[in-house]
Amino acid sequence: VYVGETAQERRNLYPDSVAQAFKRSMGTNRTYDLSGKKFRPEELSSMILRYLKEDAEAYLGEEVTEAVISVPAYLKVERMISEPTAAAVAYGLYEKEKDTRFLVFDLGGGTFDVSILELYHNILEVRAVAGDNYLGGEDFTEVMSKLFLQKTGLHYKDLSEKEQVRLYKKAEEAK
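Just so it is clear, the structure is predicted and the values come from calculations on it, not from any experiment.

Thresholds, definitions, all that
Residues numbered from 1 in each chain as written. Predicted model: local features only at pLDDT ≥ 70, side-chain atom pairs only at ≥ 80, totals over all residues. Heavy atoms only, no water. pLDDT = per-residue confidence, 0-100. Helix = DSSP H or I, 4+ residues; strand = E, 2+ residues; numbered from the N terminus. Expected span 1.5 Å × (residues − 1). Buried < 20%, exposed > 50% of the residue type's maximum accessible area, 1.4 Å probe, protein only. Arc of directions from axis to C-beta. Contact = heavy atoms within 4.5 Å. Pairing = 2+ DSSP bridges. Axes fitted to C-alpha atoms, helices over the stretch in contact; angles between N-to-C directions.

Trainee: Can you lay out the confidence of the model for the chain for me, pointing to particular residues and giving the numbers?
Mentor: Taken as a whole, the chain shows an average pLDDT of 84; of its residues, 95% reach a score of 70 or greater. Across the chain, strand 2 (residues 37-39) holds the top mean pLDDT of 93, while helix 3 (residues 83-91) sits lowest at 75.

Written out as structure tokens, the structure reads:
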């Protein structure tokens, strides 16, 4: 990913591999064809954010863990909340016992997130959040598949592709 002046220079040599001014298309169905691949404006923005994070970390010599992200004024942003908080709201925790705290686990496909929420006078407030980007449901499925193979004395490489898919599906169902 090239950003800024480098991207501008690259545009002269490879005009079909550079996107510009795509921010104005955010929230629309427009796509950008770059070197034969289609990208939505939001995807391109995420690439730039990733680049900026890495660049800032290299400059600062430390990990960047917080950010303020703005969106174009014409996009109506209702509210930004973490996934565990969204799960708590969807589950209806705000309707539960008043003046209490909740520990919310969000075990996604690739990540495990935890939030501590406090319900006080009908206000659901986030007190703490943490997570692990390398501990998710897929990791549990893989461990369960390996455990099954170990317990049965089977070897993954000896299974046909169809059997490998079936094993994974059954581990997913068991999880």
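Trainee: Account for helix 5 (residues 161-174), with residues named and values stated.
Mentor: At 3.6 residues per turn, the α-helix brings residues three or four places apart onto the same side. Taking 1.5 Å of rise per residue, the 14 residues of helix 5 would be expected to cover 20 Å, and the 20 Å separating its terminal C-alpha atoms lies within 8% of that figure. Here helix 5 has its buried residues at Q164, L167 and A171. What you see down the axis of helix 5 is that its buried residues fit within an arc of 60 degrees, all on one side. Across helix 5 from its buried face, at more than 90 degrees, point the exposed residues E161, K162, V165, R166 and K169. On its buried face, helix 5 sits against helix 4 (137-152).

Trainee: Which residues make up helix 2 (residues 41-60), and what are the values?
Mentor: Helix length check: helix 2, at 20 residues, gives a terminal C-alpha distance of 28 Å against a target of 28 Å (1.5 Å per residue), a fit within 8%. Within helix 2, burial applies to P41, L44, S45 and E57. Each element contacted by the buried residues of helix 2 is listed here: strand 1 (32-34) and strand 2. Note on helix 2: the residue one or two positions beyond its end, G61, has a positive phi of about 75 degrees.

Trainee: Could you give an account of the sheet that holds strand 3 (residues 100-107), naming the residues involved and the relevant values?
Mentor: Across a sheet, strands are paired by hydrogen bonds formed along the backbone, either parallel or antiparallel in direction. Pairing is antiparallel across the open sheet formed by 3 strands, whose spatial order is 3-4-5. Looking at which strands have only one partner, the edges of the open sheet turn out to be strand 3 and strand 5 (123-132). Along the sheet, successive strands turn relative to each other by an average axial angle of 20 degrees, direction set aside. Pairing geometry for strand 4 (residues 112-120) and strand 5, over 9 bridges, is antiparallel. From the neighbouring strand, D113 faces strand 5, where its bridge partner is G131. Against the sheet, helix 3 makes contact with strand 3, strand 4 and strand 5, and its axis sits at roughly 55 degrees relative to strand 4, the strand it touches most.

Trainee: So what about the side chain of S115? Which residues, and what values?
Mentor: When you line up the elements, S115 lands in strand 4. A relative accessible area of 1% places S115 in the buried class. Among all residues touching S115, those that are not within four sequence positions of it are S82, P84, T85, F102, L103, V104, A128 and V129.

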